[in-house]
Amino acid sequence: MSEQDAAESAPQVVSSFLEERREQVAQRWADASLFRSVFTVSRDEAVEACKAVVDALSEVAASGRLEDIGAPGFRPVREQLGRMTQTRARGGSTPAQIADEVAALRVPVVELLRAELSDPATPQSQESVLALTLLMCTLRLVVMETALDANAELIERQRQQLLEVATPVIKLWEGTVAVPLIGTLDSARSQVVMESLLEAIVEQRARYAILDITGVPTVDSLVAQHLMKTVAAARLMGAECIVSGIRPAIAQTIVQLGIDLGTVLTRASLADALAYTLSRQGIEISRPDAGASAR
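Quick notes on the rules
Residue positions within a chain follow its written sequence, with the count starting from 1. Note on the predicted model: pLDDT of at least 70 is required for a residue's local features to be given, and 80 or more for side-chain atom pairs to be given and counted; whole-chain, interface and lining totals, by contrast, use all residues. Values reported for side chains reflect all heavy atoms of the structure, with hydrogen atoms and water molecules removed beforehand. Each helix is a run of DSSP H or I of at least 4 residues and each strand a run of E of at least 2, with the numbering of both proceeding from the N terminus. Under the scheme applied here, a residue whose accessible area is under 20% of the maximum for its type counts as buried, over 50% as exposed, and between as partly exposed, the area being computed with a 1.4 Å probe on protein chains only. Two residues form a contact once any of their heavy atoms are found within 4.5 Å. Accessible areas in this description were obtained via Shrake-Rupley with a 1.4 Å probe; residue shielding takes into account the shown protein chains only. Axis geometry follows a simple rule: fit a line to the C-alpha atoms, using only the stretch in contact for helices, then measure angles between N-to-C directions, giving values from 0 to 180 degrees. Each angle is binned into one of four classes, with values under 35 degrees roughly parallel, values over 145 roughly antiparallel, values of 65 to 115 roughly perpendicular, and all other values oblique. Here is the rule for handedness: rotate from the far helix to the near one, and if that takes an anticlockwise turn smaller than a right angle the crossing is left-handed, while a clockwise turn gives right-handed. Here the nonpolar group is Ala, Val, Leu, Ile, Met, Phe, Trp, Tyr, Cys and Pro; Asp, Glu, Lys and Arg are the charged ones; every other residue, Gly included, is treated as polar. We define a salt bridge as a contact between a side-chain nitrogen of Lys or Arg and a carboxyl oxygen of Asp or Glu at a distance within 4 Å. Stacked, tilted and edge-to-face pairs are distinguished by plane angle, under 30 degrees for stacked and over 60 for edge-to-face with tilted covering the rest, among Phe, Tyr and Trp rings (Trp via its six-membered ring) whose centres lie within 6.5 Å. Should the NZ of a Lys or the CZ of an Arg lie within 6 Å of a ring centre and within 35 degrees of the ring normal, that charge is described as sitting over the ring. Nonpolar cores are built from buried Ala, Val, Leu, Ile, Met, Phe, Trp, Tyr and Cys residues. Side-chain atoms within 4.5 Å join them into one set. The term polar contact refers here to a pair of N or O atoms within 3.5 Å; inside protein, the definition further demands a hydrogen-donor-capable atom paired with an acceptor-capable atom, and it admits residues adjacent in sequence only when both atoms are side-chain atoms. Following DSSP output, two strands are said to pair if at least two bridges run between them. Regarding the arc, it is the one traced by the directions from the helix axis to the C-beta atoms. When the strands point away from the viewer and the connection leading from the first strand across the helix to the second strand turns clockwise, the crossover is called right-handed.

Looking at the overall build of the protein
When its secondary structure is counted, the protein shows 13 helices and 5 strands. Per-residue burial over the protein gives 40% buried out of 295 residues. Look at the contacts in the protein between residues 6 or more apart in sequence, and 72% of them connect residues 24 or more apart. For the protein, the exposed surface amounts to about 16,200 Å²; the carbon and sulfur share of it is 53%.

Printed below as a string of structure tokens:
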């Protein structure tokens, strides 16, 4: 057999080897750090997880796409690998440590393959070992890519949760809700504000909604546009929307930018906005007599 023929058949040799020695490979891998630290309750679960990975590698080898992290054979185990790497990361493992744990899987499986070969020194045997080594390197890349994707999804969920926490909707009075905004108001956060406010209007059957921007450092045309959209959406839901907390510096900026907030009802402070909504509902607020308090 020529070297070219040997090179072409090496992936098939690796695929057949993994298929035939599936149990032995899985048993060895089950004791590796990557699997042992995740499947702490039952070793049988670790073995089954290892078998799934071996099956995936066998399928990839059969296709000849040893260096392709997007090979269809990897698809069935990507979710499992992602969960495993997340578990290791939550346990304090760094990406470099996880990569080393995946790399450690190569040694036992290569040893098994060499034991299967009649003469490890032949070109065909060397090509087969090289093919298996290349396949294990690709598995390492797949695990790292899956881990990065899973981490990105986790970060996005946490970011969304932080946005929701940073934009609470407060019930101030029967039929009156408020959103105290603090910090920069960008497109993503303004969308969360709008959704949270509209949901609160429906749940609380609110007739009045207050957007308090006392804690917003600056207002530009983009922020003003977001406020206008939120006010319009609240109106469509049957609620009157009031913007409060417009400080002198922000008022000057709005005028200089030529932003028209003429259709938006504004009040100087949250207290003024609440007083307005109460008066609209026929509720009078009595203030303590200063002279009586002094006596």
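Having seen the model, we can carry on.
Details of the packing of helix α9 (residues 187–204) against helix α10 (residues 221–236)
Two elements in contact, α9 and α10, have axes separated by 10 Å at closest approach and are oriented at 20 degrees. Relative to α10, the element α9 is oriented roughly parallel. Here the hand of the crossing between α9 and α10 comes out right-handed. Contacts between α9 and α10 involve S187, S190, M194, L197, L198 and I201 on the former and, on the latter, L222, H226, K229, T230, A233 and A234. In the contact of α9 with α10, the residues fall into 7 nonpolar, 4 polar and 1 charged.

Some details on the pattern of salt bridges
Counted by the stated rule, this structure contains 11 salt bridges. The shortest N-O distance in the salt bridge between K171 and E174 comes to 3.2 Å. In this structure E174 comes out as exposed when scored by relative accessible area, which is 54%. By sharing partners, the salt bridges in this structure join E23, E48 and K51 into a single network.

Let's talk about unusual backbone geometry
The phi dihedral of R205 falls on the positive side, at around 55 degrees, and the residue is not glycine. Looking at where R205 falls in the secondary structure, it is placed in the loop between α9 and β3 (208–215).

Thoughts on the packing of aromatic side chains
Within the structure shown, the criterion is met by 0 aromatic pairs. Positioned above the aromatic ring of Y276 is the side chain of R267, whose terminal nitrogen or guanidinium carbon lies 4.6 Å from the ring centre.

Things to note about the nonpolar core
W29, F35, L57, V109, L135 and L139 are the most contacted members of the largest nonpolar core, which has 45 residues in total. Only α1 (3–20), α2 (22–29), α3 (33–36), α4 (43–63), α5 (75–90), α6 (95–103), α7 (106–116) and α8 (123–166) provide two or more residues apiece to this core. Here the element with the most residues in this core is α4; it accounts for 10 residues. Setting aside chain neighbours within four positions, we find W29 in contact with F35, C50, V53, V54, L57, L105, P108, V109 and M136. Grouped together as the second largest cluster of nonpolar side chains are 29 residues, L181, L185, V193 and C241 included.

Some remarks on the side chain of T138
Considering the arrangement of structural elements, one finds T138 in helix α8. We classify T138 as buried; its relative accessible area is 3%. One polar contact links the side chain of T138 to the main-chain carbonyl oxygen of L66, over a distance of 2.4 Å. Discounting chain neighbours no more than four positions away, the residues touching T138 are L66, E67, D68, I69 and F74.

Considering the environment of P72
Among the secondary structure elements, P72 is positioned in the loop between α4 and α5. Note: C-alpha distance between P72 and E59 (13 residues apart in sequence) is 8.3 Å. Aside from chain neighbours lying at most four places away, what touches P72 is E59 and R65.

Thoughts on the sheet that holds β3
Across the sheet, 5 strands lie side by side as β1-β2-β3-β4-β5; this open sheet has mixed pairing. The sheet is open, and its two borders are formed by β1 (170–173) and β5 (265–267), each paired with just one other strand. Averaged over all neighbouring strand pairs, the angle between strand axes comes to 30 degrees, with direction disregarded. When β3 meets strand β4 (residues 240–244), the two strands line up parallel, connected through 5 bridges. Of the residues in β4, the one forming a bridge with A209 is C241. Each of β1, β2 (176–182) and β3 is contacted by α9, which is oriented at about 165 degrees to β2, the strand it contacts most.

Brief notes about α2
Residues of α2 that are buried: V25, A26 and W29. End-on, the buried residues of α2 take up no more than an arc of 100 degrees, which puts them together on one face.

Looking at the pairing of β3
Counting buried positions along β3 yields 6 of 8 residues, so the element is predominantly enclosed. Here β2 runs beside β3; their pairing, made up of 6 bridges, is parallel. Bridge assignment links V179 to a residue of β3, and that residue is L211. In this fold, the crossover linking β2 to β3 by way of α9 has right-handed handedness. What joins β3 to β4 is α10, and the crossover it makes is right-handed.

Read these as spatial facts, not as claims about activity.
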